[in-house]
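The residues making up each chain are set out below.
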Number of protein chains: 8
Amino acid sequence: MKLDQGQKLLFIGDSVTDCERAKPEGEGLFAALGKGYVSYVDGLLQAVYPELGIRVVNKGISGNTVRDLKNRWQEDVIDQKPDWLSIMIGINDVWRQYDTPFIKEWHVYIDEYEKTLRELVLEAKPIVKEMVLMTPFYLEGNEQDQMRQSMEQYGQVVKKIAEETNCLFVDTQAAFNSLLKDLYPATIAWDRVHPSTAGHMVLARAFLKEIGFNWDHS
Amino acid sequence: MKLDQGQKLLFIGDSVTDCERAKPEGEGLFAALGKGYVSYVDGLLQAVYPELGIRVVNKGISGNTVRDLKNRWQEDVIDQKPDWLSIMIGINDVWRQYDTPFIKEWHVYIDEYEKTLRELVLEAKPIVKEMVLMTPFYLEGNEQDQMRQSMEQYGQVVKKIAEETNCLFVDTQAAFNSLLKDLYPATIAWDRVHPSTAGHMVLARAFLKEIGFNWDHS
Amino acid sequence: MKLDQGQKLLFIGDSVTDCERAKPEGEGLFAALGKGYVSYVDGLLQAVYPELGIRVVNKGISGNTVRDLKNRWQEDVIDQKPDWLSIMIGINDVWRQYDTPFIKEWHVYIDEYEKTLRELVLEAKPIVKEMVLMTPFYLEGNEQDQMRQSMEQYGQVVKKIAEETNCLFVDTQAAFNSLLKDLYPATIAWDRVHPSTAGHMVLARAFLKEIGFNWDHS
Amino acid sequence: MKLDQGQKLLFIGDSVTDCERAKPEGEGLFAALGKGYVSYVDGLLQAVYPELGIRVVNKGISGNTVRDLKNRWQEDVIDQKPDWLSIMIGINDVWRQYDTPFIKEWHVYIDEYEKTLRELVLEAKPIVKEMVLMTPFYLEGNEQDQMRQSMEQYGQVVKKIAEETNCLFVDTQAAFNSLLKDLYPATIAWDRVHPSTAGHMVLARAFLKEIGFNWDHS
Amino acid sequence: MKLDQGQKLLFIGDSVTDCERAKPEGEGLFAALGKGYVSYVDGLLQAVYPELGIRVVNKGISGNTVRDLKNRWQEDVIDQKPDWLSIMIGINDVWRQYDTPFIKEWHVYIDEYEKTLRELVLEAKPIVKEMVLMTPFYLEGNEQDQMRQSMEQYGQVVKKIAEETNCLFVDTQAAFNSLLKDLYPATIAWDRVHPSTAGHMVLARAFLKEIGFNWDHS
Amino acid sequence: MKLDQGQKLLFIGDSVTDCERAKPEGEGLFAALGKGYVSYVDGLLQAVYPELGIRVVNKGISGNTVRDLKNRWQEDVIDQKPDWLSIMIGINDVWRQYDTPFIKEWHVYIDEYEKTLRELVLEAKPIVKEMVLMTPFYLEGNEQDQMRQSMEQYGQVVKKIAEETNCLFVDTQAAFNSLLKDLYPATIAWDRVHPSTAGHMVLARAFLKEIGFNWDHS
Amino acid sequence: MKLDQGQKLLFIGDSVTDCERAKPEGEGLFAALGKGYVSYVDGLLQAVYPELGIRVVNKGISGNTVRDLKNRWQEDVIDQKPDWLSIMIGINDVWRQYDTPFIKEWHVYIDEYEKTLRELVLEAKPIVKEMVLMTPFYLEGNEQDQMRQSMEQYGQVVKKIAEETNCLFVDTQAAFNSLLKDLYPATIAWDRVHPSTAGHMVLARAFLKEIGFNWDHS
Amino acid sequence: MKLDQGQKLLFIGDSVTDCERAKPEGEGLFAALGKGYVSYVDGLLQAVYPELGIRVVNKGISGNTVRDLKNRWQEDVIDQKPDWLSIMIGINDVWRQYDTPFIKEWHVYIDEYEKTLRELVLEAKPIVKEMVLMTPFYLEGNEQDQMRQSMEQYGQVVKKIAEETNCLFVDTQAAFNSLLKDLYPATIAWDRVHPSTAGHMVLARAFLKEIGFNWDHS
């Protein structure tokens, strides 16, 4: 298990991360961490490793692109002084190109995405102990699908930056793809983006595997 | 124009037809026809052929399959004494097989679908002047997609019954396919099923073309 | 068809244009364009000419007179950089004179109306490719009715300015008058101003005819 | 003043009478009589003739035609044992012919109207001390207007029945017409039917004049 | 009738005047004048003297004392440029002494009341054509009741100032007292302060009598 | 202290007893006993005599007269098998004669009141261990006030029945009168009927004194 | 893994099981399984064993005791024809003895609990393939605490019945106890009963361990 | 009785004091003092000593720690010029250490608690006539419970400061402990912190005993 006693683990991202978390803090009792993978990671950490006293913070905001993260990086990441930082961004950067194709100023193309994400990672790196980069994903089984292909390209960018900067890396698309062999996308997400409970468990498990979580601990 | 002076045109179907229509009547002022293709057909008929005094009735109910139509056929179709009847059903019959695959009693497989739909058409045929059968559709551009293939099979059933029973026929899938050449599905429907305004216009236009509506009339 | 590939078409006006559009942007998914003629124009353009990728923006605000347009012209028109601009204003300018006759500061008399509208048109002209001026209207069949006569005078002003400035021109009153031969006003609008679906279709069709829309395209 | 000490005065009618009255009783404290002419009549009777102790009951129901009155005549009129009965019905009987012209089963044509109203009056006559018949009205200044002409014909029926059966008679249309010389209809009612406070005062005053109310009493 | 063609009549006061009026304007359609005596005065003026075109404005605010009027006198009275001004204030000035006797800073004693009211009247006098001072009231039949006695003393102050400054004067307490001979206070107001419809009609009639309103006018 | 270990004490009455209690049971956690004197009696019994384990049940219903109690006596009293029963009824029996004087069927005059109350007491007597009769009250300091005089007559009836049937007796009017020497009625109740917290404490204390509650116990 | 392809797994219990599940079905999309351990079990099964197509149904109802389960056993268990059945009941049976000690008819004492639970298990046994009995629990670290001791006795009953009837058995109290070594009860449940996300993860994990779930599968 | 005629008694604290009081004032009619011990103290003072005219003010705010009191001490205490001041703070200072143990910046440890509370008491002392310090409490019967032990240590601090500064002192924990001999904590508070009506009566009575309140006065 890579997390140490008393560490603070901060997640940032879009609506998949947000999931109705409490605003503005994003932590505390009564479902303040939202209803998605962040709260499942927190719940499993506390259930299985209660002795570690890990503090989880959720700073996801619905609709965010990497451009929005940049605007709130100082306040929502740097100022929070996390020990661990997990980033999952890019779904909206791609999605807007497909659901509102005519409103071009809402699109974040891949060059801006890569440049901005790298900038953010490099800015945070020196002040955190460990960083996890999670790819964006698209719950479409057809590998030729245009939007899935775009999403995978953005995922490649994440992978490249993770390698360059020596971050832990979670390939969420790969995690979902193994489900999509058995299940039609509509079973996991009504819009191919916002996952069901099962989908959020996929994300939580992929994250936990990367950080060395042991289900059979204690 | 195939509609005659003072005729009553009744639409029945699922949520695509329903679209927040008034319950139980499904007609009257103040958006009682809902916000979808039925209200657009009504609006265009009244705007372009005000002299005909066509009366449009919406009997769509969200979530319905052909099995549900059967249960309310007497009350919602036969007893209404329409001159024209338009049926668009089958999306949920197929969709439940893909979004809740484990709840088998919610699925309506193709044999039951065909048998039931034919029964309903035959029961209504003698009492209406004209009937329009519209296929179900799925807003997915990939022709190899499983659910799209299923939907097309159900559409084939509709076509077959229309031919057998001499009904007017609207291939909604074909109408949408021509859009999908230019637009990604997410632009037209967040869940590939419930259409945007543009999607409902596609349905209204396909219906109106079949019944001989002339945009440039008067 | 006068619209070109990728153009941005902005509508501005009062509650007939607004129709519950999203604020402040007035574009995007999920009925952000409102429920009236603007969304019908958008839906029909996207349904019939998907290959053009037209971007429609709705900047109508309920209750507005030409005086209000003037106050927000810079922000809501000039700054938006539209390719096409459509203006329909004047109903409230006239209506307040008839429904709250004693509150004189709410009235915009015809001289102010003409002066202000011309000013706005001239200011926008150089920065847009094409402009459409739509008259205000009143859904009253009696040509001797005082308020209808006033509304027609304001409509004449619109026509005059359109001619002077070489704008496209839509006579909405004329479009409605042909309906009023067959239908009593109460069928189209409960207050003779806010149109039913049919009434909004009349507006959408009149607009589309002026810009060369072809129902049978593709 | 024709009302005697301790009498019970019951009003029945449509939405103009109803005006958000308490259901089902239609009397008591806290605006239980609604916000329209019935509550104004009650308020003025109690303010000017407190010594009479008149009991006012409101049995109006929105949307009612004379056909609906017939259905509830026993329960809402006969069983209430009023000393005085005031009836104002017919607006919806006519209006439906103009606002939903294609839904013919909602129309109450003049023969049915006359027959039913006479029946109701004759049934109540023997059990009440005094009856007031008020005409329906339409707030349209143009005497050639179709719907106003229809409404006046229905009003003529009321007058005829009042004369036949020796009821007090209130010509509400005439009362409004004198206002319409000075005010445009939109000042008094947004839909030409549901009156403003001023319009309800016109109705209350016309009623009170007919029953001998003296503004300067005590 | 003392009001002239086209005059603007502004009422200011506490919750009895306010009565759910629209904020901030206090005029316009759709019950913007509230549900109390102000709207009844307006309704009766418009119903009986439609030719005068009187404009009524309601600037009452619930809970106000004369101290609150002073704070908003410039904005809500002077800046409005009324032709006529009617003031009814003082109920809360007295009531707070009886319902929250221990919170002394909420009480406005008679010296402050007199000084402030005179100041406001003198400030408005030169800019209006006519002013009406209405006494506060308390719907208690027992003349020995402490709070009624206090209220009458405040009413005496109003009378004195009206005489000094040559204002029209309405003794609302006297108007109610004649009702209290026949009716127990609970019939007119659940808390002896906020009147029923009948109570507001008493106020409207007392006001209208003072300004020469003729119920039988045309 | 007259209450014994484990006894069940049931209160029945009108809105003063009800005070937003849970329906239908009238007991349990989370303010199920309402916000008035019943919950204060319960709270003080449990706070001061926790060892007794007294079970308090609230069966008050707003608006009730003794006539309503009769209708629900079997279900809400007899079937509950209380050890102690406390009744406070009569306020609405009297109040309706004063606030809605013209609706005579809502009045319960003193003969019916006495006859019904005696009947109910005699019916319950054999099945309970102890019964407490509380008078109705009216928070008016003026002893000559009509409604207060009526209320005292009803209170006299309660006293007479208590004496006849050997019930404990609480003179709530007397308890309030000692407050009214120092406080104006408006301080204790906005409508002279529904008491403030202080007023409910007066009722709770009067009840507790009668049953031998000792504030300094334990 | 003990679950086989396509099996239906039904959970029944109280509010810990219910957790805002959809009523009445308790299955389907959009969080129909609630927000507690049932949905986590479902999510993890679907995430890790998508190929099994397990169907999970939630029939928990807040506030239930074993007495309530008995009343709905036929409809909610037997008629559902589950392959697997999991029961967790008893918390309210005990809790009511401690939070509302005086309302004895709300208590289910241990003899009735044992007798009823055995009856239900024996009734279901023949019709299901496998059954899991989960103990009730109380999140109190002090083993001498009265309510915790009671709860453990009820847990012993569950264990005994599981052994007698050869059911799978989950000792939820034991699972929580290992957390309570590190965490104070208030961290896991505000009322020592309704668990946080972490607490529900404890329940899900304890259940999954008993049925042979392998976190590292596939 | 230590309170004198006309004195102002201000309570400050956390949610136990707040209890849905009116914001921002915290006094006035209609339950403005909230639903807890403050309103009970006020109600009993007014019921038993109406001649004293004590003015009670509630400045409790939910969630507050002593750190929050410091931030609003000037505005909510000093500026209010109370004659008496009662402080009950510390529950949240301790609770956060147990319910959100990982969010350390929400904890107020005992040194900061003591230092801040002493500072506040010393600042207020010179400007009030009398001060009452109430301990925080925890409704847990087990004396070995960690959180109860912490709370008692905080209570010791309150006692020490009360002695140093010569304040009246209320040991609320002791008052509750005598109840906990007979009642399980869940009977008095669902979360061991927010008391039932009975629990608030315990607080009110403990306070009143300290200030010499005599239940049998007058």
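Residues numbered from 1 in each chain as written. Chains lettered and ligands numbered in written order. Predicted model: local features only at pLDDT ≥ 70, side-chain atom pairs only at ≥ 80, totals over all residues. Heavy atoms only, no water.

Undergrad: Can you tell me about the overall build of chain A, naming the residues and giving the values?
TA: Secondary structure assignment for chain A yields 9 helices and 5 strands. Shown N-terminal to C-terminal, the secondary structure of chain A runs as helices and strands in the order β-α-α-β-α-β-α-α-β-α-β-α-α-α. Its C-alpha atoms give chain A a radius of gyration of 16 Å, within 12% of the compact-globule value 17 Å for 218 residues. Reported as C-alpha extents along the three principal axes, the dimensions of chain A are approximately 50 × 40 × 35 Å. (Helix = DSSP H or I, 4+ residues; strand = E, 2+ residues; numbered from the N terminus. Rg over C-alpha atoms; globule rule 2.2 N^0.38 Å.)

Undergrad: Could you give an account of the relation of the copies chain G and chain A, with specific residues and numbers?
TA: Once turned by 180° and shifted 0.0 Å along the axis, chain G lies on chain A with an RMSD of 0.0 Å. Expressed as an axis order, the relation between the two copies is that of a two-fold axis. Among all C-alpha atoms of chain G, that of G:W215 lies closest to the rotation axis, at 3.2 Å. The overlap is high: 100% of the interface residues of chain G also sit at the interface in chain A, so the same surface is used on both sides. (Least-squares fit on C-alpha atoms with pLDDT ≥ 70 in both. Contact = heavy atoms within 4.5 Å.)

Undergrad: Describe the pattern of salt bridges, listing the residues and the values that go with them.
TA: If you walk through the whole model with that rule in mind, you get 136 salt bridges over all chains. Across the pair A:K70 and A:E119 runs a salt bridge whose closest N-O atoms are separated by 3.3 Å. Of this pair, A:K70 sits in helix α3 (residues 66–76) while A:E119 sits in helix α5 (residues 110–124), and the two are 49 residues apart along the sequence. Of the charged contacts in the structure, one is a salt bridge between C:K129 and C:D83, with a shortest N-O distance of 2.8 Å. (Salt bridge = Lys/Arg side-chain N within 4 Å of Asp/Glu carboxyl O.)

Undergrad: Before we move on, could you go through the sheet that holds strand β2 (residues 55–58) of chain E and cite the residues and values that matter?
TA: Residue and element names in this part refer to chain E. Read across the sheet, 5 strands follow the order β2-β1-β3-β4-β5 without closing on themselves; strand pairing throughout is parallel. Two strands bound the open sheet, and with one partner strand each, they are β2 and β5 (168–170). The mean inter-strand angle of the sheet, taken between neighbouring strand axes irrespective of direction, is 15°. Pairing geometry for strand β3 (residues 84–88) and strand β4 (residues 130–134), over 5 bridges, is parallel. Paired with W84 across the two strands is E130, which belongs to β4. Contacts from helix α2 (residues 37–48) reach β1 (8–13), β2, β3 and β4, with the element oriented near 165° to β1. (Pairing = 2+ DSSP bridges. Axes fitted to C-alpha atoms, helices over the stretch in contact; angles between N-to-C directions.)

Undergrad: Give a description of the relation of the copies chain F and chain E that names residues and reports values.
TA: The two copies are related by a screw operation: chain F maps onto chain E through 180° of rotation and 0.0 Å of translation along the axis, at an RMSD of 0.0 Å. The overlap is high: 100% of the interface residues of chain F also sit at the interface in chain E, so the same surface is used on both sides.

Undergrad: Talk me through helix α3 (residues 66–76) of chain B; I want residue IDs and the actual numbers.
TA: Residues and elements named next belong to chain B. Buried residues of α3: V66, L69, R72, W73 and D76, and no others. The buried residues of α3 occupy one face: seen down the axis, they fall within an arc of 155°. Pointing more than 90 degrees away from the buried face of α3 are the exposed residues N71 and E75. (Buried < 20%, exposed > 50% of the residue type's maximum accessible area, 1.4 Å probe, protein only. Arc of directions from axis to C-beta.)

Undergrad: Report on the interface of chain F and chain E, specifying residues and quantitative values.
TA: By a widely used convention, the size of an interface equals the accessible area lost when the partners come together. If you look at the interface, chain F gives 18 residues, while chain E gives 18 residues. Between chain F and chain E, the buried area comes to about 1,400 Å², and carbon and sulfur atoms account for 54% of it. Summed over the shared surface of chain F and chain E, the number is 2 salt bridges. Residue E:R192 is joined to F:E140 by a salt bridge in which the shortest nitrogen-to-oxygen separation is 3.7 Å. Where chain F packs against chain E, one counts 8 residue pairs in polar contact (both at pLDDT 80 or more). Those elements giving two or more residues to the side of chain F that touches chain E turn out to be α4 (91–99), α6 (146–165) and α8 (185–188) of chain F. Counted by class, the side of chain F that touches chain E contains 10 nonpolar, 3 polar and 5 charged residues. (Buried area = accessible area lost by both parts, 1.4 Å probe. Polar contact = N/O pair within 3.5 Å; in protein donor to acceptor, adjacent residues only side chain to side chain. Nonpolar A, V, L, I, M, F, W, Y, C, P; charged D, E, K, R; others polar.)

Undergrad: Account for the packing of aromatic side chains, with residues named and values stated.
TA: Using the criterion set out here, one finds 68 aromatic pairs over all chains in the structure. Measuring from centroid to centroid gives 4.7 Å for E:F137 and E:F176, while their planes differ by 50°, and the two rings are tilted. One end of the pair, E:F137, is in the loop between β4 and α6 (146–165); the other, E:F176, is in helix α7 (residues 172–180), and 39 residues separate them in sequence. In terms of burial, E:F137 and E:F176 fall into one category: buried. We note D:R205 situated over the ring of E:W215; from NZ or CZ to the ring centre the distance is 5.8 Å. (Phe/Tyr/Trp six-rings, centres within 6.5 Å; stacked < 30°, edge-to-face > 60°. Lys NZ or Arg CZ within 6 Å of the ring centre and 35° of its normal.)

Undergrad: Give me the lowdown on the interface of chain G and chain A, citing residues and values where you can.
TA: The interface is formed by 29 residues belonging to chain G together with 29 residues belonging to chain A. Of the roughly 2,700 Å² buried at the junction of chain G and chain A (both faces included), carbon and sulfur atoms supply 68%. On the chain G side of the contact with chain A, G:M201, G:R205 and G:W215 bury the most area, a combined 28% of that side's loss. Seen at the junction of chain G and chain A, the total is 2 salt bridges. The closest approach of N and O atoms between A:K209 and G:D216, which form a salt bridge, is 3.9 Å. Taken together, the connections running from chain G to chain A amount to 4 residue pairs in polar contact (both at pLDDT 80 or more). Contributions of two or more residues to the side of chain G that touches chain A are made by α2 (37–48) and α9 (197–210) of chain G. Here the residues of the side of chain G that touches chain A are counted per class, giving 16 nonpolar, 7 polar and 6 charged.

Undergrad: Let's hear about the arrangement of the chains: which residues, and what values?
TA: A minimum C-alpha distance of 20 Å separates chain A and chain F, which share no contact. Chain B makes no contact with chain H; the smallest distance between any of their C-alpha atoms is 38 Å.

Undergrad: Explain the sheet that holds strand β2 (residues 55–58) of chain D to me, using residue names and the numbers behind them.
TA: Residues and elements named next belong to chain D. The parallel open sheet is built from 5 strands, whose spatial order is β2-β1-β3-β4-β5. Both outer strands of the open sheet, β2 and β5 (168–170), are each paired with one neighbouring strand and no more. When the angles between neighbouring strand axes are averaged without regard to direction, this sheet yields 15°. Looking at chain direction, strand β1 (residues 8–13) and β2 are connected through 4 bridges and run parallel. Counted as the bridge partner of L9 is V56 from β2.

Undergrad: Please give an account of helix α4 (residues 91–99) of chain H that cites residues and values.
TA: For α4(H), a buried count of 9 out of 9 residues is recorded, marking the element as mostly surrounded by other parts of the structure. Taken together, the buried positions of α4(H) are H:I91, H:N92, H:D93, H:V94, H:W95, H:R96, H:Q97, H:Y98 and H:D99. The inward-facing, buried residues of α4(H) contact α8 (185–188) of chain G together with α1 (15–18), α3 (66–76), α5 (110–124) and α6 (146–165) of chain H.

Undergrad: Any details on the pairing of β3(E)? Residues and values, ideally.
TA: All names here are of chain E. Among the 5 residues that make up β3, 5 are buried, leaving the element largely enclosed by the rest of the structure. By the alternation rule, side chains of β3 split into W84, S86 and M88 and L85 and I87, which are all buried. As judged from the 5 bridges shared by β1 and β3, these two strands associate in the parallel manner. Across the sheet, residue L9 finds its bridge partner in β3, namely W84.

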